[in-house]
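Observations on the model geometry
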Amino acid sequence: MPRKKTKREASGRAVATIVVMRLYIANDAPNSVRAVANLEAICKEHLKDKFKLEIIDVLETPLRALADGILVTPSLTKVSPSPAAKIVGNLSDKRSVLHALGIVEPVE
Amino acid sequence: MKSNLLARDRNPPRPDPGHGFEGRILRLVKSVPERRAIESGQIDAVIDPATGKAFLLPDAQQALREEQARVRGLLALSSDWFWEQDEHYRFVSHTGTASGSSGIYDESIIGKTLRDPPFGSMGESDWQAHQRLLEWRATFRDLELRCTDRAGVMRWISISGEPIFGQQDQFTGYRGTMRDITQRKQSEALAQVSREKLAERTRAEQGVERAPGNGAARGIVSRKNSAERRRQERLLGKVATGNPTANRLLAALPRKEYQGLRAGLEAVTLTYGQILSEPGEPITHVYFPIDCLVSLLTTVEGHQALEVGLVGREGMVGISLALGMDVSSVRALVQGTGTAMRMNAARFRKEFRKSVPLQRELYRFIHAKLAQARQTAACNRFHRVEARLARWLLMTRDRVRSDQFLLTHAFLADMLGVRRVGVSLAAGALQRRKLITYTRGKIGILDRKGLEAASCGCYEVIKDL
């Protein structure tokens, strides 16, 4: 059973791009836990409600991951908007995650 | 999920002997970023397309194994039981009877809710409040309940739970923990009683809190009168009207009578929301409140309950017994947590038959209750909510002997037989006149005289009864 975490856009009619992502993890293994936490922090800061995230446990559904072309966990894929992107590891390097998700960090 | 992992741990994936673990990974993972991530220790598992299975890297395996050992260790240490309820809040499973120390969590609770026996100290208002929480799918913590175990012994449990949701995010029930807190509750009750005894003794030694009385020394609940105290009493030619921590009805009895009763009395802690009797049900005990407050409610089909009387330290709950009836005609709901002395029905009947002073005191009290109920009936029909609220707050104050007490909107609405909006308006009006403060169910009386003026005349009439 994939663990799903879905956040829908609040309401706004304004056309906002919703980033759809899938995070592949291995149960409660240390890097997987860290990746979830890192990604949650990034989404909260940069995407607010404008994202959909599905978390897939490869120990339970390895074939699903294989079908998506995933070999190692944790891995994060951006499904939409295109271009699709993939990043592996525990997502502690925030800059490369933002880059993969196509988020431009506001200049301070 | 965990169990899958356990199985996995018992048979850790062995690398292909001919090629070695490292070689296997290198064969599977070819892209540079993935290899780099593995080298920097950021990868937990690799999926082998050949077997279609994921295997954990050694570090992750080790970490998960340690984690599981820790969780198992904590579970073994904990005295909690785990349970699950379905979407109708009925128990479907539990891990009970692990320690075997109490038999409340056996199969008898399967299919039951917390409202059904063997649970059952939750008052109507508490149950409604709890259900509201459940309907909001809220997490609840440390809900304290009484229940009966297999041996029929009364026990206390503390229960916490959180909602569970299925794959499609639909609500499927609750799960949580349950703990036996009987011992804690008992020691709390004991501590309360000994605190009271100590306070009594201190007061007695200081010779304060005394006023003229008209009989023999008034007995105080399970107190040993010291020789010093008796000497002081003789000297003063007065007797104490009873310690403020005593029940006035008991304190009004001549000492000899009281001594006779004492053996049959036991101190109990009554908690908010507890129901002491229901209409039509046999009365098992009579209660002499000391610092708790009991509401007498009449239920009318299709409506909320309406308060018809209030019993505090001036009286007794279970007067039907004194009138020769074994069943209660009202619901007696504990409204202020505190201590009471209680006596079982059989013993009370016997004592009541043989003690004329007890009869006299009780008849006087019953008369007062009757007059109070009559006055309340008229008051509820004719007087404004605001005046009735003022009266009711004053009556409560007289009985709990405190200007501060906790009462919810819903509860006040029940007491006054009005909707909650009515209570809000009335409380708001009294608050604007700076007579009371009312925040989050906490009521403070600021100006007693002013509140008396704001109340209807009924307060004056029933105050002295």
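Please read all numbers here as calculations on a predicted model, not as lab measurements.

**Here's the deal with the overall build of chain B**
Counting its secondary structure elements, chain B contains 17 helices and 17 strands. The buried share of chain B, reckoned over its 465 residues, is 32%. Partitioning the intrachain contacts of chain B with sequence separation of at least 6 by distance along the chain shows that 63% fall at a separation of at least 24.

**Let's talk about the interface of chain B and chain A**
Counting from both sides, the interface comprises 25 residues of chain B and, opposite them, 23 residues of chain A. Here the side of chain B that touches chain A is composed, by residue class, of 17 nonpolar, four polar and four charged.

**Here's the deal with helix H1 (residues 30-46) of chain A**
Helix length check: H1(A), at 17 residues, gives a terminal C-alpha distance of 24 Å against a target of 24 Å (1.5 Å per residue), a fit within 8%. Directly beyond the C-terminal end of H1(A), a positive phi value near 50° is found at Lys48(A).

**Some remarks on the sheet that holds strand E15 (residues 404-406) of chain B**
Residues and elements named next belong to chain B. Read from one edge to the other, the open sheet built from three strands follows the order E15-E17-E16, with strand pairing classed as antiparallel. The two strands at the open ends of the sheet, each matched to only one other strand, are E15 and strand E16 (436-439). The sheet shows a mean angle of 15° between the axes of neighbouring strands, taken without regard to direction. For E15 and strand E17 (residues 442-445), the ladder comprises three bridges, and the chain directions are antiparallel. Bridging from a neighbouring strand, Phe405 pairs with Ile443 of E17. Where helix H13 (residues 385-400) meets the sheet, its contacts fall on E15, E16 and E17, and the angle it forms with E17 comes to roughly 85°.

**What about the confidence of the model for chain A?**
Parts of the prediction with low pLDDT should not have their coordinates interpreted in detail. All names here are of chain A. Considering every residue of chain A, the mean pLDDT works out to 79; 81% of them sit at 70 or more. Strand E1 (residues 3-5) is the least confidently modelled element of chain A, averaging 52 in pLDDT, while strand E2 (residues 19-25) averages 90, the highest of any element. The low-confidence segment residues 5-15, where pLDDT is below 50, has 12 contacts with residues more than four positions distant or belonging to other chains.

**Let's talk about the packing of H13(B) against helix H15 (residues 420-432) of chain B**
Residues and elements named next belong to chain B. Where H13 meets H15, the axes come as close as 9 Å, and the angle between the chain directions of the two elements is 75°. One way to sum up the angle between H13 and H15 is to call them roughly perpendicular. Between H13 and H15, the residues in contact are Val385, Glu386, Leu389 and Ala390 and Gly422, Ala426, Ala427, Ala429 and Leu430, respectively. When grouped by side-chain class, the residues that make up the contact of H13 with H15 number seven nonpolar, one polar and one charged.

**Here we look at the sheet that holds strand E12 (residues 306-311) of chain B**
Sheet strands associate in pairs through backbone hydrogen bonding, adopting either a parallel or an antiparallel arrangement. Residue and element names in this part refer to chain B. In space, the four strands of this open sheet follow the order E9-E13-E11-E12, with antiparallel pairing throughout. Every interior strand has two partners, whereas the edge strands, strand E9 (275-277) and E12, have only one. With direction set aside, neighbouring strand axes in the sheet form an average angle of 35°. Bridge count for strand E11 (residues 293-298) against strand E13 (residues 331-336) is five bridges, and the pairing is antiparallel. The partner of Leu296 across the bridge, within E13, is Ala332.

**A few points about the pairing of E17(B)**
Residues and elements named next belong to chain B. Side-chain alternation along E17 places Ile443 and Ile445 on a buried face and Lys442 and Gly444 on a face that remains uncovered. Alignment of E16 against E17, held across four bridges, turns out to be antiparallel. Note on E17: the bridge partner recorded for Thr437 is Gly444. Linkage of E16 to E17, two consecutive antiparallel strands, is achieved through a turn of two residues, within which Arg440 is found at a positive phi near 45°.

**Looking at the environment of Gly309(B)**
Residue and element names in this part refer to chain B. Mapped onto the fold, Gly309 is located in strand E12. The exposure class of Gly309 is buried, given the 22 C-beta atoms found within 10 Å. Between the C-alpha atoms of Gly309 and Ala332, which are 23 residues apart in sequence, the distance is 9.3 Å. With residues near it in sequence (within four places) discarded, Gly309 still touches Leu296, Lys369, Gln372 and Ala373.

**As for the nonpolar core**
Soluble globular proteins tend to pack their nonpolar side chains together in the buried interior. In this structure, Val294(B), Met316(B), Leu389(B) and Leu393(B) are the most contacted members of the largest nonpolar core, which totals 66 residues. No fewer than three residues from each of domain 4 (266-375) and domain 5 (383-463) of chain B sit in this core. Residues Val36(A), Ile70(A), Leu76(A) and Leu101(A) belong to the second largest nonpolar core, which totals 36 residues.

**A look at the environment of Gly41(B)**
Checked against the element boundaries, Gly41(B) lands in the loop between helix H3 (32-39) and strand E1 (45-48). Sequence spacing of Gly41(B) and Asp59(B) is 18 residues, and the spatial spacing of their C-alpha atoms is 8.3 Å.

What counts, and where the lines are drawn
Residues numbered from 1 in each chain as written. Chains lettered and ligands numbered in written order. Predicted model: local features only at pLDDT ≥ 70, side-chain atom pairs only at ≥ 80, totals over all residues. Helix = DSSP H or I, 4+ residues; strand = E, 2+ residues; numbered from the N terminus. Buried ≥ 20, exposed ≤ 12 C-beta atoms within 10 Å, placed from the backbone. Contact = placed C-beta atoms within 7 Å. Nonpolar A, V, L, I, M, F, W, Y, C, P; charged D, E, K, R; others polar. Expected span 1.5 Å × (residues − 1). Pairing = 2+ DSSP bridges. Axes fitted to C-alpha atoms, helices over the stretch in contact; angles between N-to-C directions. pLDDT = per-residue confidence, 0-100. Parallel < 35°, antiparallel > 145°, perpendicular 65-115°, else oblique. Core = buried A, V, L, I, M, F, W, Y, C linked by C-beta atoms within 7 Å. Domains from an automatic or database assignment.

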